[in-house]
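Chain by chain, the residues:
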Amino acid sequence: MEKMPKILVTGGAGYIGCVTTHHLLQRGFEVVVIDDLSRGHRENVAPERLHVLRLQDTEGVANLLGGVDAVVHFAAHSAVGESMREPELYFSNNVGGTVSLLEAMARANVRRLVFSSTAAVYGDPEKLPIPEDAQIAPVNPYGQSKAIVEKILNELDHYRGLRSVALRYFNACGAEPDAGLGEEHNPETHLIPLLFRAVATGEPIQIFGNDYATPDGTCIRDYIHVSDLAAAHVAALDYLMAGGGSAAYNVGTGTGQTVMEVLRAVEEVTGKSVPYKIAARREGDPTELVADSKKLRKTLGWQPQRSGIQEIVRDAWAYYQLKFK
Ligand code: UFG
(Lines give C-alpha, C1' and ligand atoms only; values in the text may rest on other atoms or scores of the structure.)
Protein backbone atom coordinates (compact mmCIF):
# COMPACT_ATOMS: atom_id res chain seq x y z
CA MET A 1 0.00 0.00 0.00
CA GLU A 2 1.16 3.53 -0.76
CA LYS A 3 2.45 5.32 2.33
CA MET A 4 0.32 8.37 3.14
CA PRO A 5 2.16 11.63 3.88
CA LYS A 6 2.94 12.53 7.48
CA ILE A 7 1.88 16.05 8.40
CA LEU A 8 2.76 18.13 11.44
CA VAL A 9 0.03 20.62 12.36
CA THR A 10 0.91 23.52 14.69
CA GLY A 11 -2.03 25.08 16.54
CA GLY A 12 -4.12 21.99 15.88
CA ALA A 13 -6.17 22.54 19.05
CA GLY A 14 -7.43 25.89 17.76
CA TYR A 15 -10.49 26.59 15.65
CA ILE A 16 -9.24 26.27 12.06
CA GLY A 17 -6.42 23.91 13.05
CA CYS A 18 -8.69 21.30 14.60
CA VAL A 19 -11.11 21.28 11.67
CA THR A 20 -8.21 20.96 9.21
CA THR A 21 -6.70 18.13 11.28
CA HIS A 22 -10.07 16.38 11.07
CA HIS A 23 -10.07 16.76 7.26
CA LEU A 24 -6.46 15.52 6.98
CA LEU A 25 -7.30 12.42 9.01
CA GLN A 26 -10.36 11.78 6.86
CA ARG A 27 -8.05 11.91 3.83
CA GLY A 28 -5.88 9.21 5.47
CA PHE A 29 -2.86 11.40 6.27
CA GLU A 30 -0.81 10.64 9.35
CA VAL A 31 -1.06 13.71 11.61
CA VAL A 32 0.97 14.95 14.56
CA VAL A 33 -0.30 18.04 16.41
CA ILE A 34 1.67 20.65 18.37
CA ASP A 35 -0.21 23.17 20.50
CA ASP A 36 0.81 25.09 23.62
CA LEU A 37 -2.88 25.28 24.65
CA SER A 38 -2.52 29.00 25.38
CA ARG A 39 -5.56 29.64 23.16
CA GLY A 40 -6.49 26.20 21.83
CA HIS A 41 -8.64 23.59 23.57
CA ARG A 42 -7.29 20.19 24.60
CA GLU A 43 -10.57 18.43 23.79
CA ASN A 44 -10.23 19.37 20.11
CA VAL A 45 -7.41 16.84 19.57
CA ALA A 46 -7.11 13.11 20.28
CA PRO A 47 -4.67 12.77 23.23
CA GLU A 48 -2.35 10.34 21.40
CA ARG A 49 -1.83 12.91 18.65
CA LEU A 50 -1.28 16.01 20.81
CA HIS A 51 2.14 17.30 21.86
CA VAL A 52 1.90 20.24 24.24
CA LEU A 53 4.83 22.54 23.59
CA ARG A 54 5.70 26.02 22.44
CA LEU A 55 7.09 26.67 19.00
CA GLN A 56 9.92 28.60 20.67
CA ASP A 57 11.18 25.19 21.88
CA THR A 58 13.14 24.68 18.65
CA GLU A 59 14.73 21.43 19.75
CA GLY A 60 11.46 19.93 20.99
CA VAL A 61 9.79 20.80 17.69
CA ALA A 62 12.73 19.45 15.65
CA ASN A 63 12.43 16.16 17.54
CA LEU A 64 8.82 15.81 16.33
CA LEU A 65 9.72 16.48 12.71
CA GLY A 66 11.34 13.11 11.96
CA GLY A 67 9.68 11.55 8.89
CA VAL A 68 7.37 14.56 8.44
CA ASP A 69 6.63 15.46 4.80
CA ALA A 70 5.03 18.86 5.39
CA VAL A 71 3.99 21.30 8.12
CA VAL A 72 0.65 23.11 8.33
CA HIS A 73 1.25 26.11 10.56
CA PHE A 74 -1.75 27.65 12.36
CA ALA A 75 -0.27 28.43 15.79
CA ALA A 76 -0.58 32.20 16.27
CA HIS A 77 -2.53 34.87 18.11
CA SER A 78 -5.25 36.32 15.90
CA ALA A 79 -7.15 39.08 17.68
CA VAL A 80 -6.74 42.40 15.89
CA GLY A 81 -7.78 44.54 18.89
CA GLU A 82 -5.39 42.75 21.24
CA SER A 83 -2.57 43.22 18.73
CA MET A 84 -3.08 47.01 18.86
CA ARG A 85 -2.74 46.93 22.66
CA GLU A 86 0.10 44.39 22.83
CA PRO A 87 2.10 44.58 19.60
CA GLU A 88 5.21 42.96 21.15
CA LEU A 89 3.18 39.86 22.01
CA TYR A 90 2.14 39.53 18.37
CA PHE A 91 5.66 39.94 17.03
CA SER A 92 7.23 37.58 19.56
CA ASN A 93 4.55 34.92 19.28
CA ASN A 94 3.59 35.08 15.60
CA VAL A 95 6.95 36.04 14.09
CA GLY A 96 9.32 34.65 16.77
CA GLY A 97 7.39 31.38 17.08
CA THR A 98 7.42 30.93 13.32
CA VAL A 99 11.16 31.63 13.01
CA SER A 100 11.81 28.96 15.64
CA LEU A 101 9.59 26.52 13.75
CA LEU A 102 11.45 27.31 10.52
CA GLU A 103 14.77 26.68 12.26
CA ALA A 104 13.50 23.32 13.47
CA MET A 105 12.31 22.51 9.94
CA ALA A 106 15.73 23.39 8.52
CA ARG A 107 17.41 21.08 11.06
CA ALA A 108 15.04 18.23 10.21
CA ASN A 109 15.21 18.97 6.48
CA VAL A 110 11.44 19.48 6.08
CA ARG A 111 10.83 21.75 3.10
CA ARG A 112 7.09 22.14 2.67
CA LEU A 113 4.88 24.50 4.64
CA VAL A 114 1.27 25.69 4.48
CA PHE A 115 0.96 28.96 6.38
CA SER A 116 -2.13 30.66 7.86
CA SER A 117 -2.07 34.19 6.58
CA THR A 118 -4.89 36.71 6.55
CA ALA A 119 -6.78 39.32 4.56
CA ALA A 120 -5.45 41.73 7.19
CA VAL A 121 -2.17 41.86 5.21
CA TYR A 122 -3.99 44.12 2.70
CA GLY A 123 -5.08 46.72 5.27
CA ASP A 124 -7.62 49.07 3.70
CA PRO A 125 -7.65 47.80 0.11
CA GLU A 126 -7.71 50.10 -2.90
CA LYS A 127 -9.41 47.63 -5.20
CA LEU A 128 -12.31 45.20 -4.67
CA PRO A 129 -12.48 42.24 -4.89
CA ILE A 130 -8.88 42.07 -3.63
CA PRO A 131 -6.40 40.17 -5.83
CA GLU A 132 -3.27 38.58 -4.35
CA ASP A 133 -1.00 41.12 -6.04
CA ALA A 134 -2.71 44.04 -4.26
CA GLN A 135 -0.48 46.16 -2.06
CA ILE A 136 0.57 44.54 1.21
CA ALA A 137 -0.16 47.34 3.69
CA PRO A 138 -1.41 46.04 7.04
CA VAL A 139 -2.93 48.52 9.45
CA ASN A 140 -2.46 46.57 12.68
CA PRO A 141 0.31 44.48 14.31
CA TYR A 142 -1.62 41.24 13.73
CA GLY A 143 -1.71 41.78 9.95
CA GLN A 144 1.88 43.04 10.03
CA SER A 145 3.07 39.91 11.88
CA LYS A 146 1.58 37.75 9.13
CA ALA A 147 3.02 39.94 6.35
CA ILE A 148 6.48 39.70 7.93
CA VAL A 149 6.24 35.90 8.04
CA GLU A 150 5.22 35.84 4.37
CA LYS A 151 8.40 37.83 3.59
CA ILE A 152 10.55 35.45 5.62
CA LEU A 153 9.01 32.51 3.74
CA ASN A 154 9.96 34.14 0.43
CA GLU A 155 13.55 34.50 1.65
CA LEU A 156 13.71 30.88 2.73
CA ASP A 157 12.34 29.74 -0.61
CA HIS A 158 15.45 31.34 -2.05
CA TYR A 159 18.05 30.31 0.54
CA ARG A 160 16.73 26.95 1.70
CA GLY A 161 14.49 25.68 -1.08
CA LEU A 162 11.52 25.89 1.31
CA ARG A 163 8.27 25.62 -0.67
CA SER A 164 5.38 27.35 1.05
CA VAL A 165 1.77 28.22 0.41
CA ALA A 166 0.40 31.22 2.33
CA LEU A 167 -3.39 31.08 2.59
CA ARG A 168 -4.85 34.52 3.22
CA TYR A 169 -8.12 33.84 5.00
CA PHE A 170 -11.03 36.21 4.83
CA ASN A 171 -13.67 35.84 7.59
CA ALA A 172 -13.46 32.30 8.95
CA CYS A 173 -16.76 31.12 10.42
CA GLY A 174 -19.11 28.14 10.61
CA ALA A 175 -18.37 24.81 12.32
CA GLU A 176 -18.26 21.04 11.94
CA PRO A 177 -20.98 20.22 14.48
CA ASP A 178 -20.97 16.49 13.60
CA ALA A 179 -17.33 16.30 14.64
CA GLY A 180 -18.00 18.52 17.70
CA LEU A 181 -15.61 21.14 16.35
CA GLY A 182 -16.18 24.88 16.08
CA GLU A 183 -15.32 28.37 17.16
CA GLU A 184 -14.61 29.18 20.80
CA HIS A 185 -12.57 32.27 21.57
CA ASN A 186 -12.09 33.83 24.97
CA PRO A 187 -12.92 36.67 24.90
CA GLU A 188 -15.13 36.31 21.83
CA THR A 189 -14.93 39.19 19.38
CA HIS A 190 -16.33 37.61 16.20
CA LEU A 191 -19.66 38.58 14.75
CA ILE A 192 -21.54 35.29 14.41
CA PRO A 193 -20.86 33.87 17.92
CA LEU A 194 -21.73 37.27 19.37
CA LEU A 195 -25.03 37.32 17.46
CA PHE A 196 -25.85 33.91 18.99
CA ARG A 197 -24.93 35.18 22.42
CA ALA A 198 -27.35 38.09 21.94
CA VAL A 199 -30.10 35.61 20.96
CA ALA A 200 -29.32 33.37 23.94
CA THR A 201 -28.99 36.06 26.63
CA GLY A 202 -31.26 38.83 25.34
CA GLU A 203 -28.32 41.27 25.81
CA PRO A 204 -28.11 43.43 22.66
CA ILE A 205 -25.08 43.07 20.40
CA GLN A 206 -23.42 46.31 19.35
CA ILE A 207 -23.34 46.89 15.62
CA PHE A 208 -20.15 48.84 14.97
CA GLY A 209 -21.32 51.64 12.71
CA ASN A 210 -24.17 51.98 10.20
CA ASP A 211 -22.80 54.96 8.32
CA TYR A 212 -20.38 53.17 5.99
CA ALA A 213 -20.72 53.60 2.22
CA THR A 214 -22.51 50.24 1.75
CA PRO A 215 -26.16 49.45 0.84
CA ASP A 216 -27.33 49.31 4.49
CA GLY A 217 -24.45 51.30 6.04
CA THR A 218 -22.81 48.32 7.79
CA CYS A 219 -19.42 46.76 6.90
CA ILE A 220 -19.09 44.11 4.23
CA ARG A 221 -17.04 40.94 4.78
CA ASP A 222 -16.40 37.73 2.83
CA TYR A 223 -17.53 34.91 5.16
CA ILE A 224 -15.89 31.57 4.48
CA HIS A 225 -16.96 28.27 6.09
CA VAL A 226 -14.19 26.68 8.16
CA SER A 227 -14.79 23.42 6.30
CA ASP A 228 -14.00 25.16 2.99
CA LEU A 229 -10.92 26.69 4.61
CA ALA A 230 -9.79 23.24 5.75
CA ALA A 231 -10.30 21.94 2.20
CA ALA A 232 -8.03 24.73 0.91
CA HIS A 233 -5.26 23.47 3.22
CA VAL A 234 -5.64 19.93 1.94
CA ALA A 235 -5.51 21.23 -1.65
CA ALA A 236 -2.39 23.27 -0.82
CA LEU A 237 -0.70 20.20 0.64
CA ASP A 238 -1.54 18.12 -2.43
CA TYR A 239 -0.07 20.90 -4.56
CA LEU A 240 3.17 21.06 -2.54
CA MET A 241 3.49 17.26 -2.41
CA ALA A 242 3.18 17.23 -6.21
CA GLY A 243 6.16 19.62 -6.43
CA GLY A 244 4.27 22.94 -6.61
CA GLY A 245 6.23 26.16 -6.01
CA SER A 246 5.74 28.83 -3.35
CA ALA A 247 2.63 30.99 -3.69
CA ALA A 248 0.03 33.02 -1.79
CA TYR A 249 -3.70 32.52 -2.24
CA ASN A 250 -6.78 34.33 -1.01
CA VAL A 251 -9.32 32.05 0.62
CA GLY A 252 -12.74 33.65 0.34
CA THR A 253 -15.90 33.21 -1.67
CA GLY A 254 -15.72 36.42 -3.71
CA THR A 255 -19.09 37.56 -2.35
CA GLY A 256 -19.63 39.93 0.55
CA GLN A 257 -22.33 40.21 3.21
CA THR A 258 -23.15 43.23 5.34
CA VAL A 259 -23.32 42.89 9.12
CA MET A 260 -27.11 43.37 8.93
CA GLU A 261 -27.42 40.59 6.34
CA VAL A 262 -25.59 38.23 8.69
CA LEU A 263 -27.86 39.35 11.54
CA ARG A 264 -30.94 38.55 9.41
CA ALA A 265 -29.52 35.12 8.53
CA VAL A 266 -29.11 34.44 12.27
CA GLU A 267 -32.74 35.44 12.83
CA GLU A 268 -33.91 33.10 10.07
CA VAL A 269 -31.85 30.13 11.27
CA THR A 270 -32.61 30.52 14.98
CA GLY A 271 -36.21 31.63 14.48
CA LYS A 272 -35.59 34.39 17.06
CA SER A 273 -35.04 38.09 16.76
CA VAL A 274 -31.56 39.40 17.57
CA PRO A 275 -31.51 42.32 20.01
CA TYR A 276 -29.01 44.93 18.80
CA LYS A 277 -27.84 48.52 19.26
CA ILE A 278 -26.08 50.68 16.72
CA ALA A 279 -22.74 51.74 18.22
CA ALA A 280 -19.76 53.79 17.04
CA ARG A 281 -17.45 52.41 14.37
CA ARG A 282 -14.77 50.02 15.67
CA GLU A 283 -11.28 51.39 15.15
CA GLY A 284 -9.43 49.72 12.30
CA ASP A 285 -12.48 48.19 10.56
CA PRO A 286 -12.21 48.56 6.76
CA THR A 287 -15.52 49.26 4.99
CA GLU A 288 -15.34 46.22 2.75
CA LEU A 289 -13.14 43.12 2.42
CA VAL A 290 -13.98 40.71 -0.38
CA ALA A 291 -11.58 38.20 -1.90
CA ASP A 292 -10.75 37.70 -5.50
CA SER A 293 -10.33 33.92 -5.19
CA LYS A 294 -9.86 33.06 -8.87
CA LYS A 295 -6.23 32.07 -8.38
CA LEU A 296 -7.05 29.43 -5.76
CA ARG A 297 -9.93 28.07 -7.83
CA LYS A 298 -7.85 27.89 -10.97
CA THR A 299 -4.51 26.66 -9.65
CA LEU A 300 -5.63 24.33 -6.86
CA GLY A 301 -9.07 23.40 -8.20
CA TRP A 302 -10.67 24.56 -4.94
CA GLN A 303 -14.35 25.55 -4.77
CA PRO A 304 -16.30 26.68 -1.73
CA GLN A 305 -18.94 24.03 -0.95
CA ARG A 306 -20.54 25.18 2.29
CA SER A 307 -20.06 28.94 2.38
CA GLY A 308 -23.59 30.17 1.71
CA ILE A 309 -24.41 32.44 4.68
CA GLN A 310 -27.43 30.28 5.65
CA GLU A 311 -25.34 27.11 5.77
CA ILE A 312 -22.55 28.84 7.69
CA VAL A 313 -24.99 30.13 10.29
CA ARG A 314 -26.83 26.78 10.50
CA ASP A 315 -23.62 24.86 11.26
CA ALA A 316 -22.34 27.52 13.66
CA TRP A 317 -25.70 27.53 15.50
CA ALA A 318 -25.71 23.72 15.80
CA TYR A 319 -22.23 23.93 17.35
CA TYR A 320 -23.22 26.82 19.63
CA GLN A 321 -26.15 24.82 20.99
CA LEU A 322 -23.94 21.77 21.50
CA LYS A 323 -21.36 23.78 23.44
CA PHE A 324 -23.12 26.55 25.26
CA LYS A 325 -26.58 25.27 26.14
N1 UFG B 1 -19.05 43.43 14.28
C2 UFG B 1 -20.06 44.13 14.91
N3 UFG B 1 -20.28 43.88 16.24
C4 UFG B 1 -19.55 42.97 16.95
C5 UFG B 1 -18.53 42.25 16.28
C6 UFG B 1 -18.30 42.51 14.94
O7 UFG B 1 -20.71 44.98 14.33
O8 UFG B 1 -19.81 42.80 18.15
C9 UFG B 1 -18.80 43.69 12.85
C10 UFG B 1 -17.40 44.25 12.61
O11 UFG B 1 -17.41 45.65 12.73
C12 UFG B 1 -17.13 43.76 11.20
C13 UFG B 1 -17.91 42.44 11.10
O14 UFG B 1 -18.85 42.47 12.16
O15 UFG B 1 -17.68 44.65 10.27
C16 UFG B 1 -17.02 41.22 11.28
O17 UFG B 1 -16.24 41.38 12.44
P18 UFG B 1 -15.36 40.21 13.08
O19 UFG B 1 -14.76 40.76 14.34
O20 UFG B 1 -16.15 38.96 13.17
O21 UFG B 1 -14.23 39.97 11.98
P22 UFG B 1 -13.21 41.02 11.34
O23 UFG B 1 -13.71 41.30 9.96
O24 UFG B 1 -12.94 42.17 12.20
O25 UFG B 1 -11.88 40.17 11.38
C26 UFG B 1 -11.52 39.34 10.36
C27 UFG B 1 -10.63 38.22 10.90
C28 UFG B 1 -9.30 38.77 11.32
C29 UFG B 1 -8.71 39.62 10.23
C30 UFG B 1 -9.67 40.70 9.84
C31 UFG B 1 -9.13 41.57 8.74
O32 UFG B 1 -11.25 37.58 11.99
O33 UFG B 1 -8.42 37.70 11.60
O34 UFG B 1 -10.86 40.11 9.39
O35 UFG B 1 -9.64 42.88 8.86
F36 UFG B 1 -7.57 40.18 10.64
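Everything here concerns the structure above.
A brief look at the structure comes next. The numbering scheme is per chain: residues are counted from 1 as the chain's sequence reads. It should be noted that, the model being predicted, local features are given only for residues of pLDDT at least 70 and side-chain atom pairs only at 80 or more, the latter also being counted only at that level, while totals for whole chains, interfaces and linings use all residues. Excluding hydrogens and water, the side-chain figures rest on all heavy atoms present in the structure.

## Considering the overall build of the protein chain
What counts as a helix is a DSSP run of H or I of at least four residues, what counts as a strand is a run of E of at least two, and both are numbered from the N terminus. On a plain count of helices and strands, the protein chain comes out with 10 helices and 14 strands. We take the radius of gyration over the C-alpha atoms and set the globule estimate at 2.2 Å times the residue count to the 0.38 power. Here the C-alpha radius of gyration of the protein chain, 19 Å, is about what a compact globule of 325 residues would show, namely 20 Å. When its C-alpha atoms are laid out on the principal axes, the protein chain stretches across 55 × 40 × 40 Å. Expressed as a percentage of its 325 residues, the buried residues of the protein chain come to 54%. Note on contacts: a residue pair qualifies if any of its non-hydrogen atoms lie within 4.5 Å across the two residues. Taking the contacts inside the protein chain whose residues are at least 6 apart along the sequence as the reference set, 78% of them involve residues at least 24 apart. Accessible surface, the protein chain: about 14500 Å² in total, of which carbon and sulfur atoms supply 48%. Just so you know, the count uses Lys and Arg for positive and Asp and Glu for negative, and it drops His and the chain ends. Where a charge lies is defined by one atom per residue type: Lys uses NZ, Arg uses CZ, Asp uses CG and Glu uses CD. A distance of 3 Å separates the average location of the 32 positive side-chain charges in the protein chain from that of its 40 negative side-chain charges. Note on exposure labels: buried denotes an accessible area under 20% of the residue type's maximum, exposed denotes more than 50%, and partly exposed covers the range between, all computed with a 1.4 Å probe on protein chains only. In these tables, accessible area is a Shrake-Rupley quantity obtained with a 1.4 Å probe, and a residue counts as shielded only by the protein chains included in the view.

## Considerations on the site of the ligand
Any residue with a heavy atom positioned within 4 Å of a molecule or strand is treated as near that molecule or strand. In the vicinity of the ligand there are 20 residues, among which L191, Q206, R221, R282 and D285 approach most closely. Contact between the ligand and Q206: a nitrogen atom at 2.7 Å from a main-chain N or O atom of the residue. Here R282 contributes a side-chain N or O atom positioned 2.7 Å from an oxygen atom of the ligand. When isolated, the ligand has an accessible area of 690 Å², and the protein chains bury 91% of it. Those elements giving two or more residues to the shell around the ligand turn out to be α6 (191-201) and β8 (205-208). Among the elements that take part in the shell around the ligand, β8 stands out by supplying 4 residues, more than any other. Residues adjacent in sequence count toward polar contacts only when both atoms are side-chain atoms; beyond that, a polar contact is any pair of N or O atoms within 3.5 Å, and within protein one must be able to donate a hydrogen and the other to accept it.

## A word on the sheet that holds strand β5 (residues 112-118)
Two strands pair under a simple rule: DSSP has to find at least two bridges between them. Taken together, the 7 strands give an open sheet; going across it, the order is β3-β2-β1-β4-β5-β6-β11, and neighbouring strands pair in parallel fashion. The outermost strands of the open sheet, each flanked by one partner alone, are β3 (50-52) and β11 (247-251). Between one strand axis and the next, the sheet turns through 20° on average, direction left out of account. Note on method: axes are straight lines fitted to C-alpha atoms, helices fitted across the in-contact stretch only, with angles between N-to-C directions ranging 0 to 180 degrees. Sitting on the sheet, helix α7 (residues 226-241) is in contact with β1 (6-10), β4 (70-73), β5, β6 (163-169) and β11, with an inclination near 165° to β6.

## Looking at the packing of helix α1 (residues 15-26) against α7
For any two helices packed against each other, the geometry comes down to the angle between their axes and how far apart the axes lie. Across the interface, α1 lies against α7 with an axial gap of 9 Å and an inter-helix angle of 60°. By the angle between their directions, the pair α1 and α7 is classed as oblique. In this structure, α1 meets α7 at a crossing whose hand is right-handed. Two secondary-structure elements touch here, α1 through Y15, I16, V19, T20, H23 and L24 and α7 through V226, S227, L229, A230, A231, H233, V234 and L237. The classification used treats Ala, Val, Leu, Ile, Met, Phe, Trp, Tyr, Cys and Pro as nonpolar, Asp, Glu, Lys and Arg as charged, and all other residues, Gly among them, as polar. Taken together, the residues of the contact of α1 with α7 sort by class into 10 nonpolar, 4 polar and no charged. When describing relative orientation, an angle under 35 degrees is termed roughly parallel and one over 145 degrees roughly antiparallel, while 65 to 115 degrees is termed roughly perpendicular and anything else oblique. The hand of a helix crossing depends on one turn: near helix anticlockwise from the far one by less than a right angle means left-handed, and clockwise means right-handed.

## Description of the nonpolar core
We define the nonpolar core as a collection of buried residues of types Ala, Val, Leu, Ile, Met, Phe, Trp, Tyr and Cys that are connected through side-chain atoms lying within 4.5 Å of one another. Core analysis: the largest hydrophobic core is formed by 64 residues, its most contacted members being L167 and V251. Here this core gets 10 residues from one element, more than from any other, and that element is α7. Bear in mind that the domain bounds are from an automatic or database domain assignment. Split by domain, this core shows at least three residues from each of two domains, domain 1 (6-173 + 224-252) and domain 2 (177-219 + 255-292 + 309-324). Not counting the four nearest positions on each side in its chain, V251 is found in contact with L167, R168, Y169, F170, I224, L229, A232, L296 and W302. Counting 24 residues, the second largest nonpolar core, distinct from the first, contains L8, V68, V71 and L101.

## As for the state of the cysteines
When the sulfur atoms of two cysteines come within 2.5 Å, that pair is taken as a disulfide. Using the criterion set out here, one finds 0 disulfides in the structure. Distance from the sulfur of C18, which forms no disulfide, to the nearest cysteine sulfur (C173) is 15 Å. With a relative accessible area of 2%, C18 lands in the buried category. Note on C173: relative accessible area 3%, which makes it buried.

## Section: the side chain of S307
Positionally, S307 belongs in the loop between α9 (294-300) and α10 (309-324). A distance of 2.9 Å separates the side chain of S307 from the backbone nitrogen of H225, its partner in a polar contact. A polar side-chain atom of S307 sits 2.6 Å from a polar atom in the side chain of D228. Setting aside residues up to four positions removed in sequence, S307 forms contacts with Y223, I224, H225, D228, T253 and I312.

## Examining the sheet that holds strand β12 (residues 257-258)
Strand order in this open sheet of 3 strands is β12-β9-β14, and the pairing throughout is mixed. One side of each edge strand has no neighbouring strand; the edge strands of this open sheet are β12 and β14 (288-289). Where strand β9 (residues 220-221) and β12 come together, 2 bridges link them in antiparallel fashion. The partner of R221 across the bridge, within β12, is Q257.

By themselves these figures say nothing about function.
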